[in-house]
Amino acid sequence: MPQIEANGTSIFFKSTGKGPPLLLLHGAEADHSMFDAFGGRLASHFTVIAYDQRDSGATRNPPSPYGLYELANDAAALIAALGYQRARVFGTSLGGAIAQVLATRHPGRIDHLVLSSTFRAGVPLLSINPGGLPDFVALRTRLPESAREFAEYLFPRDYITAHPQVLGIFTANKRDAQQKQRRAAILARPVEVDLGAITAPTLVVAGSEDRLIPPAHTLSLAHEIADAQTATITGVGHVGTVQDPVAVAHKVLAFLQAQTSRAD
């Protein structure tokens, strides 16, 4: 994988396809590989750039703590380092929160924005899902033994039964204790985000079966972003890009192509 140096961090990324740039921001438990199938569905239309965030995959960063501001700065630096003025940006889960900060702190770097299965940056997670999130966090501390229960917050149960290999995402996690600690502390760092300041055309996508972030919460982000569109994918849980990359890619492609047609 190629890499760029920015903000004291070696950011590793994967670039496929051709066309205008589309930057993909992964979730908290993942790395760039969560987008292998999803990105492949879009590579005939875009140069798809999937990268590893700090303490994820091959990327190497300083041992100091960081939050959404730093992660957004990394994304902006990657877009610039690859020679682009701006990019289409897709962020899912934690990646969606990073994308919100990116869109407000570096608006000139975003052409179009897609927020998928995510939560409002700056809002305490416990207020979003007070019943499920404490259990989710407790299960995380018991991985890999708790992999099945943990996965049920991210994928529908019948999908896990039919695709037991997805449990490997959580049993094969290669982060060391320090990396896990820094990732777990990201949302504890204060952040202020004015979604009303986002000017990029925006699509907000939710999976109807998301047990981690209630779909209604995700879709409510569109209320704060001018002219934002929404889409709900039936039968999909929190990690739609893995569970049904075709359906998610279809929604994203339709949105981006429609926006391009309007611009033309």
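Being a predicted model, the structure only gives us computed values, none of them experimental.

(A) Inspection of the sheet that holds strand S5 (residues 87–92) at higher detail. Within the open sheet, the eight strands sit side by side as S1-S2-S4-S3-S5-S6-S7-S8. Their pairing is mixed. Here the strands that pair on one side only, and so sit at the sheet edges, are strand S1 (3–6) and strand S8 (229–233). Within the sheet, the average angular offset between the axes of one strand and its neighbour, ignoring direction, is 25 degrees. Direction of pairing for S1 relative to strand S2 (residues 9–17): antiparallel, over a ladder of four bridges. Across the sheet, Gln3 pairs through a bridge with Phe12, a residue of S2. Each of S1, S2, strand S3 (21–25), strand S4 (47–51) and S5 touches helix H2 (residues 68–81); the most contacted strand, S1, lies at about 120 degrees to it.

(B) Seen up close, empty space enclosed by the protein. Applying the stated rule across the entire model yields two cavities of 30 Å³ or more. A volume near 40 Å³ is recorded for the largest cavity. Lining the largest cavity we find Ser116, Ser117, Val205, Ala206, Gly207, Ile233, Val236, Gly237, Gly240 and Val248. Ranked by the residues each element gives to the lining of the largest cavity, the list is headed by strand S7 (residues 202–207), at three residues. Per-class residue counts for the lining of the largest cavity are five nonpolar, five polar and no charged. What lines the second largest cavity is Ala103, Pro107, Ile110, Ala197, Ile198, Thr199 and Ala200.

(C) Geometry of the packing of aromatic side chains. Within this structure, the stated rule accounts for seven aromatic pairs. Both rings, one in Phe136 and one in Tyr153, keep their centres 5.7 Å apart while their planes meet at 75 degrees; by these two values the pair is edge-to-face. One end of the pair, Phe136, is in helix H5 (residues 133–141); the other, Tyr153, is in the loop between helix H6 (147–151) and helix H7 (157–162), and 17 residues separate them in sequence. Per residue, the accessibility class of Phe136 equals that of Tyr153, and both read buried.

(D) Expanded view of the nonpolar core. Counting residues in hydrophobic clusters, the biggest one holds 84 residues, and the most contacted among them are Leu23, Phe38, Leu42, Leu68 and Phe90. Those residues in contact with Phe90, other than ones at most four positions away along the chain, are Leu22, Leu23, Leu24, Leu25, Phe35, Phe38, Val114, Ser116, Thr241, Val248 and Val252.

(E) Examining the pairing of S1 more closely. Of the two faces of S1, the one lined by Ile4 and Ala6 is fully buried and the one lined by Gln3 and Glu5 carries no buried residue. Following S1, the chain reverses through two residues before pairing antiparallel with S2; Asn7 in that reversal takes a positive phi of roughly 55 degrees.

(F) How the structure looks around the packing of H2 against helix H3 (residues 94–105). Relative orientation of the contacting elements H2 and H3 amounts to 75 degrees, with a least axis distance of 8 Å. What the angle tells us is that H2 and H3 run roughly perpendicular. Here Leu68, Tyr69, Leu71, Ala72, Asn73, Ala75 and Ala76 of H2 come into contact with H3, specifically with Leu94, Ala97, Ile98, Val101, Leu102 and Arg105. Across the contact of H2 with H3, the residue classes tally to 11 nonpolar, one polar and one charged.

(G) Broad picture of the environment of Thr118. With respect to the helices, strands and loops of the structure, Thr118 is situated in the loop between strand S6 (110–116) and helix H4 (125–128). A relative accessible area of 0% places Thr118 in the buried class. Taking the C-alpha atoms as reference points, Thr118 and Val101, separated by 17 residues in sequence, lie 13 Å from one another. With residues near it in sequence (within four places) discarded, Thr118 still touches Ser93, Gly96, Ala97, Gln100, Ile213, His217, Thr218 and Leu221. Only 2.6 Å separates the side chain of Thr118 from the backbone oxygen of Ser93, close enough to count as a polar contact. Polar side-chain contacts of Thr118 include one of 3.3 Å to the backbone nitrogen of Ala97.

(H) Summary view of the environment of Leu221. As for its placement among the helices and strands, Leu221 is situated in the loop between helix H10 (215–220) and S8. You can call Leu221 buried: its relative accessible area is 0%. Between the alpha carbons of Leu221 and His112 there is a distance of 15 Å; along the sequence they are 109 residues apart. When near neighbours in sequence (up to four residues on either side) are disregarded, Leu221 contacts Gln100, Leu115, Thr118, Phe119, Arg120, Leu195 and Val204.

Basis of the calculations
- Residues numbered from 1 in each chain as written.
- Predicted model: local features only at pLDDT ≥ 70, side-chain atom pairs only at ≥ 80, totals over all residues.
- Heavy atoms only, no water.
- Pairing = 2+ DSSP bridges.
- Helix = DSSP H or I, 4+ residues; strand = E, 2+ residues; numbered from the N terminus.
- Axes fitted to C-alpha atoms, helices over the stretch in contact; angles between N-to-C directions.
- Contact = heavy atoms within 4.5 Å.
- 1 Å grid on protein atoms, 1.4 Å probe; cavity = no way out; pocket = protein on both sides within 12 Å on 5 of 7 lines; lining within 4 Å.
- Points joined across faces, edges and corners; volume = space filled by probe spheres on them.
- Nonpolar A, V, L, I, M, F, W, Y, C, P; charged D, E, K, R; others polar.
- Phe/Tyr/Trp six-rings, centres within 6.5 Å; stacked < 30°, edge-to-face > 60°.
- Buried < 20%, exposed > 50% of the residue type's maximum accessible area, 1.4 Å probe, protein only.
- Core = buried A, V, L, I, M, F, W, Y, C linked by side-chain atoms within 4.5 Å.
- Parallel < 35°, antiparallel > 145°, perpendicular 65-115°, else oblique.
- Polar contact = N/O pair within 3.5 Å; in protein donor to acceptor, adjacent residues only side chain to side chain.

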